[in-house]
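Here is what each chain is made of, one letter per residue.
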Amino acid sequence: MSAQAKDQDAAVGGTAWLELDQITERLGLGVDRVMGEAGLWAPELAARALRQAHGDPPEAAQLLRAHRTALPRLAIGEPVSTTELKVVRRISSAFRNPPGGQVLGRTLDYVGRLLDLMPEDEGKARNAGSPHAEDTRPHAHDHAHDHRHRDPDHAVPEEAVRTPAHVLATFRDMGLVAPPRGDGDPEPFDITRRPARPGAPRSAWLQTMARADTGSLLYLWYGSDWRPAGHEVPGELRHGILPLRVRHPHTGRPVTVAETRVSEVQTFHSLPRAGELPTSLDVGYGLCFGHNERKAISMAGLDLLLAHHEGATDLQHDVLLTLDGPDSTGYTQHLKLPHHVEYRSVLERAHAAARGTRLTERDTA
C-alpha cells in the first residue's frame, strides 16, 4: 500500500498503523485462515491482505487469491508424506496414550471462555516483564508437554522434532481398518486448471474443501443428513511443519525449498452399508494450511461421508459448487451493484399482472 493510502487509513482510524509482524504474531489464526481459503502459503502477504480488508477474512482471501492468479507457476511440488510432519501439536481421541504420546501444544481448548478485561496498561506491563510474553496472557495459554514447542509459527529445533506414527498405522496393525476403495493412487485432479463438477475424483473434493470457506464447510458437515449421529471420532489431530520439495532443474533430485504449517485430521467411524454388518473402520481425511483445526475436522468428516456413503450425490454437489468463499462473497457483492434495468422489468411485470387482475375482477363483476 502506498504511503499516502497508509496515512489516509491511519487518519481515518486515528490509531497507529498495524505492522505486519503484529498481525502475523497476534492474529495468527486469522492469517492462517486467509492463506487456507486463498490457497497460497504466504504469511506476510496474508497479513497485508487482512490489514487491507480491515480484518474481514473472506475479503482478505479474495485479495490473496487474486494475487495468486497473477503469479507464475515455477515448478510442481513433489509428493510429501505426512509421516515427515514435524509435530507441534498432536492429540488422539481414540487412545489415552497413543504411540508417540499426546502433544497438547499451543491451544485455546483448555482455557475458560472468559473475556479478558485486564486494563491494557497492566497487561502490557506484565508482558514486558515476562520472558515468554505471549504465554502470560490468559488467552494464549500453552499446555504443551514439551515447552520447546511453544511457538508453532517458527521452525522447530532439531532436538525437539517429533514425528510420531499415525494412529491409522496402529489400527491397520490391529486389522480394524477397511481397505482403500477406488483405483489406487491416480494423478491428482488440479482444481486450479479445470473446474470440479459432481463425479470428480476424491482429490478434487479434498482440494476444494482445503480452500473452502471455513464457516460454510463446518456448517455443511455439522448439518449434513448423512453425518453419523454422535459416533464419529477424530482419531488423530496433528498440527506441524511439512517440507515443500521440487525437483532441481539440473540434477533432477528433490530439493527442499520451503516449509509450511498444516493441520491434519484422520476420522474413524464404522459405517453400515445395505445388507452388510459393520466389520471395520472407515477413514476420513482432512489437511489444510496453517492452524485451522475446525476446518480439518470438518474436511475429514465430509470426506468420510463422500467416500463411503451411498447416495451422497447431492452432498458432493454442495461440496464442489457451494463452499468457495470468493465465489459466494462475489455473488453477495454483485447484489449491491446497480440492477436498475432488471428491477424495472420486474416492476413492469408486477404492474401488468396487477392491471390484468383488476380488469378480470371488473369483467366478472
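These numbers were taken from a predicted model, which means no experiment stands behind them. (Residues numbered from 1 in each chain as written. Predicted model: local features only at pLDDT ≥ 70, side-chain atom pairs only at ≥ 80, totals over all residues. Heavy atoms only, no water.)

A. Spatial organisation of the confidence of the model for the protein. Chain-level statistics for the protein give a pLDDT mean of 81 and a share of 78% at 70 or above. Confidence over residues 130-154 falls short of pLDDT 50; this stretch has 58 contacts with residues more than four positions distant or in other chains. (pLDDT = per-residue confidence, 0-100. Contact = heavy atoms within 4.5 Å.)

B. Representation of a nonpolar patch on the surface within the structure. The grouping of Leu244, Val255 and Val257 at the surface amounts to a nonpolar patch, some 210 Å² of accessible area in total. The residue Val255 is located in strand E3 (residues 254-269) in this model. Taking the relative accessible area as the measure of exposure, Val255 reaches 31% and is therefore partly exposed. (Patch = residues over 30% accessible without salt bridge, like charges linked within 9 Å, V, L, I, M, F, W, Y side chains within 5 Å. Areas by Shrake-Rupley, 256 points an atom, 1.4 Å probe, with all protein chains shown as cover. Salt bridge = Lys/Arg side-chain N within 4 Å of Asp/Glu carboxyl O. Helix = DSSP H or I, 4+ residues; strand = E, 2+ residues; numbered from the N terminus. Buried < 20%, exposed > 50% of the residue type's maximum accessible area, 1.4 Å probe, protein only.)

C. Summary view of the nonpolar core. With 27 residues, the main nonpolar core has Ala196, Trp205, Met209, Leu217, Met299, Leu302 and Val319 as its most contacted residues. Of all the elements in the fold, those that place two or more residues in this core are helix H8 (202-210), helix H9 (214-222), helix H10 (293-308) and helix H11 (313-322). Of all the elements, H10 adds the most residues to this core, at 6 residues. Sequence-distant contacts of Val319, defined by excluding residues within four places in its chain, comprise Trp205, Thr208, Met209, Leu220, Leu302 and Leu306. Counting 15 residues, the second-largest nonpolar core is a separate cluster that includes Ile23, Ala38, Ala42 and Ala60. (Core = buried A, V, L, I, M, F, W, Y, C linked by side-chain atoms within 4.5 Å.)

D. Here's a closer look at unusual backbone geometry. The phi dihedral of His54 is positive, around 55 degrees, even though this residue is not glycine. Assessed through its relative accessible area of 63%, His54 is described here as exposed.

E. Local environment of the packing of helix H4 (residues 43-52) against helix H5 (residues 57-69). Closest axis-to-axis distance for the H4/H5 pair is 8 Å, and the angle between their directions is 130 degrees. The angle between the axes of H4 and H5 places the two elements in the oblique class. Of the two elements, H4 crosses H5, and the hand of that crossing is right-handed. Here Leu45, Ala46, Ala49, Leu50 and Gln52 of H4 come into contact with H5, specifically with Pro57, Ala60, Leu63, Leu64 and His67. Grouping the amino acids of the contact of H4 with H5 by side-chain chemistry returns 8 nonpolar, 2 polar and no charged. (Axes fitted to C-alpha atoms, helices over the stretch in contact; angles between N-to-C directions. Parallel < 35°, antiparallel > 145°, perpendicular 65-115°, else oblique. Left-handed = near helix turned anticlockwise from the far one by under 90°. Nonpolar A, V, L, I, M, F, W, Y, C, P; charged D, E, K, R; others polar.)

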